Amino acid sequence: MPLVRVLAPAAAPVLPTRPWRAQAAPRAVVLALAASLALAACAPGGRRGGAPGGIVPEPPALAREFRGVWVATVANIDWPSRPGLATAEQQRELVALLDRARTLNLNAIVLQVRPATDALYPSSLEPWSEYLTGEMGRAPSPAWDPLAFAVREAHARGMELHAWFNPYRARQVGARSPVAATHVSRTKPHLVREYGRMQWMDPAEPETQAHSLAVILDVVRRYDVDGVHLDDYFYPYKVTDSAGRKVDFPDSASWARYVAGGGRLARDAWRRESVDGFVRRMYEEVKAAKPWVKVGISPFGIARPGQPAGACCFDQYAELYADAGAWWRAGWADYFTPQLYWAIAAPQQSYPMLLRWWAKENAQQRHLWPGNYTSRVADGSARAYTAAEIDSQIRLTRAQAGATGNVHFSMKAFLRNQGGIADSLAVGAYAEPALVPESPWIPGRAPAAPRVRLLAPAGGRAVVAVEPGGGEGRPFLWVVRARYGALWRSEVVGGALDEVALTPPATRGAPDEVRVSGVDRGGREGAAARVTGRAR
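Throughout what follows, the structure given in this document is the object of discussion. Please read these numbers as outputs of a predicted model, since none were measured by experiment.

**Observations regarding the overall build of the protein chain**
At step 1: Helices and strands together make up the secondary structure of the protein chain, namely 14 helices and 24 strands.
At step 2: Here the protein chain holds 536 residues, and the buried ones make up 57% of them.
At step 3: Sequence separation of 24 or more characterises 71% of the internal contacts of the protein chain that already satisfy a separation of 6 or more.
At step 4: Surface exposure of the protein chain reaches about 21100 Å², of which carbon and sulfur atoms provide 54%.

Right under this line is the structure:
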């Protein structure tokens, strides 16, 4: 993998300001990649020409596949490892996390930035999260902006950064610190309901919807995020009383106002209408603010019992008041990530059975990137997966028409290499890099071919210097393909980078040729510039 030099950051981190350098791939990964490309070059139908040995292969097209991972901050599931760490340690952990994702050829991070009406970034609307500093409302010291840092560092590594929000959860079970004066339970207590051991904003209150939408749009406008992401928590999962009976959500006040105002819907339909309206409005307003920012939703993996036939048993339509199937058919998202958290062989929640159903319902031809319960690998439970289960789910996704990627819950499985899952993917399903699939409905155009030069810095390794072509601004990504004889090696790096140092195979020095192309925010890859000969 190359070394890269990044442009100066917008805000200097507390971490020592050494430019990010991509780590060399594990030797096994390099060997697997080299072998696969060499075999591809020699396979029947491979491109041949008049170079020595008769083989002049064209560069291979990169796979188009979304390879995402959830990074949960609630209860410190993935990051930071515990609340109240020193700023420098928080940054070190985040850098290590991003480096591991890069090594695994992931291309998207889904970072939870609003776990419970709090913020993992400086906000005038909500308090700092206790999961970051140990106390709700207390800013990190020394001061830093975790979201800006994460966006910059993910982009430098050629990865997207999606901001993950929970729209209604106000206070998580297990929260320990005192409630800050700026928390919604203090500033707008009329919106907050006690339900079980948690607090929730009432989804049917128009002011709830306006507040949550304002929080999301604030992030979209202030940060260079690539996506906005909601998970499966709309109305909360039902709690039960001491007798085991389900307890209804305590929204009598808002329901009474609706009825008094002439509302005609039944109570469950009114709840669904409230969630529907928020989802539709969020999609429309994010697109109005920044059309290139993707909107993604990760609902419970079964739309309704019986959809498809035989699927059971939880009904999100009736219990979470989430009509996810209708949102999907209407196209109120750029991508859907239904949480298909069951094994391939599960009799009533079979992974391929559910995947086929979601693909069939994709009326607007948006992206289908199912969620996988990767943390179940070797988790010690009776239903623990092996690494082979996740590998097989990825391959089933690739085989399903209309599905073009996966999102893994969660990053800790890769950080711990649970059951060898990171090793398995690194030499198997994710041995080669991939580009996020193109989103043709997102406005944009393929970047012009860049201007490229080969340099020879001290140390002897060739460096590609690259600049945007055609008088354009920088693309989102650069794709760098270097040829050594018949072998091509490909890398995806951030478009802000102006130099990429090439690491040749052990038996080679400078490349015979290099081709560099740009990729825009909608995933369109432009024409490549080609440079050959000795570095100069």
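**Remarks on the environment of G325**
At step 1: In this fold, G325 is placed in helix α10 (residues 324-330).
At step 2: Residue class for G325 comes out buried when judged on its relative accessible area of 4%.

**Considering the nonpolar core**
At step 1: Among the nonpolar cores identified, the biggest contains 95 residues, and L147 and F165 are the most heavily contacted of them.
At step 2: With residues up to four places along the chain from it excluded, the contact list for L147 reads L111, V113, L120, Y121, L161, V219, Y223 and V225.
At step 3: A462, V493, A529 and V531 belong to the second-largest nonpolar core, a separate cluster that totals 17 residues.

**Some thoughts on the sheet that holds strand β6 (residues 169-171)**
At step 1: Strand order in the open sheet made by the three strands is β6-β8-β7, with antiparallel pairing throughout. Single-partner strands in this sheet number two, and they are β6 and β7 (192-195). Strand-to-strand twist in this sheet, taken as the mean axis angle between neighbours without regard to direction, amounts to 35°.
At step 2: Bridging between β6 and strand β8 (residues 198-201) involves two bridges; their strand directions are antiparallel. Paired with R171 across the two strands is Q199, which belongs to β8.

**So, helix α4 (residues 146-156)**
At step 1: Among the eleven residues of α4, nine are classified as buried, and the element is accordingly described as predominantly covered.
At step 2: Taken as a whole, α4 has its buried residues at P146, L147, F149, A150, V151, E153, A154, H155 and A156.
At step 3: Looking at the packing, one finds that the buried side of α4 touches α2 (87-103), β4 (108-114), α3 (130-133), β5 (160-165), α6 (206-222) and β21 (487-494).
At step 4: Residue D145 occupies the N-cap position of α4, its side-chain oxygen lying 3.1 Å from the main-chain nitrogen of L147.
At step 5: Of the residues one or two after α4, G158 is the one with positive phi, at around 80°.

**A short note on the sheet that holds strand β3 (residues 66-71)**
At step 1: Taken together, the nine strands give an open sheet; going across it, the order is β14-β13-β12-β9-β5-β4-β3-β16-β15, and neighbouring strands pair in parallel fashion. Each edge of the sheet is formed by a strand with only one pairing partner; in this case those strands are β14 (367-368) and β15 (371-372).
At step 2: Summarising the sheet, strand β9 (residues 227-230) and strand β12 (residues 294-297) pair through four bridges and their orientation is parallel. Note that in β12 the partner of V228 across the bridge is V295.

**Quick notes on the state of the cysteines**
Every disulfide links exactly two cysteines, by a covalent bond between their sulfur atoms.
At step 1: Per the counting criterion, the structure on display carries one disulfide.
At step 2: Each disulfide pairs two cysteine sulfurs, and for C312 the partner residue is C313, the sulfurs being separated by 2.1 Å.
At step 3: Looking at C312, the relative accessible area reads 13%, which means it is buried.
At step 4: Judged by its relative accessible area of 55%, C313 falls in the exposed class.

**Observations regarding α6**
Residues three or four positions apart in an α-helix share a direction because the helix packs 3.6 residues into each turn.
At step 1: With 17 residues, α6 extends 24 Å between its outermost C-alpha atoms, agreeing within 8% with the 24 Å of an ideal straight helix rising 1.5 Å per residue.
At step 2: Listed as buried for α6 are T208, Q209, H211, S212, L213, V215, I216, L217, D218, V219 and V220.
At step 3: Packed against the buried residues of α6 are β4, α4, β5, β8, β9 and α8 (267-289).

**Overview of the pattern of salt bridges**
At step 1: Throughout the structure, instances matching the rule amount to 40 salt bridges.
At step 2: A salt bridge links E160 to K294, with the shortest nitrogen-to-oxygen separation between them at 2.8 Å. Pair noted here: E160 is in strand β5 and K294 is in strand β12, with a separation of 134 residues, a long-range link. K294 shares its class with E160; the two are buried.
At step 3: In this structure, the salt-bridge partner of K287 is D334, at a minimum N-O distance of 2.7 Å. Of this pair, K287 sits in helix α8 while D334 sits in the loop between α10 and β13 (335-336), and the two are 47 residues apart along the sequence.

**Focus: the side chain of R489**
At step 1: Note that R489 resides in strand β21.
At step 2: The side chain of R489 sits in the buried core without any salt bridge; E491 is the nearest counter-charge, 6.2 Å away.
At step 3: A polar contact of 2.9 Å, which involves the side chain of R489, links it to the backbone oxygen of T503.

**As for the pairing of β8**
At step 1: Residues M198 and W200 of β8 are buried on one face, and the alternating residues Q199 and M201, pointing to the opposite face, are buried as well.
At step 2: Where β7 lies against β8, four bridges are found, and the strand directions are antiparallel. For E194, the partnering residue across the bridge sits in β8 and is Q199.

Cut-offs and rules
- Residues numbered from 1 in each chain as written.
- Predicted model: local features only at pLDDT ≥ 70, side-chain atom pairs only at ≥ 80, totals over all residues.
- Heavy atoms only, no water.
- Helix = DSSP H or I, 4+ residues; strand = E, 2+ residues; numbered from the N terminus.
- Buried < 20%, exposed > 50% of the residue type's maximum accessible area, 1.4 Å probe, protein only.
- Contact = heavy atoms within 4.5 Å.
- Areas by Shrake-Rupley, 256 points an atom, 1.4 Å probe, with all protein chains shown as cover.
- Core = buried A, V, L, I, M, F, W, Y, C linked by side-chain atoms within 4.5 Å.
- Pairing = 2+ DSSP bridges.
- Axes fitted to C-alpha atoms, helices over the stretch in contact; angles between N-to-C directions.
- Polar contact = N/O pair within 3.5 Å; in protein donor to acceptor, adjacent residues only side chain to side chain.
- Disulfide = S-S within 2.5 Å.
- Expected span 1.5 Å × (residues − 1).
- Salt bridge = Lys/Arg side-chain N within 4 Å of Asp/Glu carboxyl O.
- Lys, Arg positive; Asp, Glu negative; His and termini not counted.

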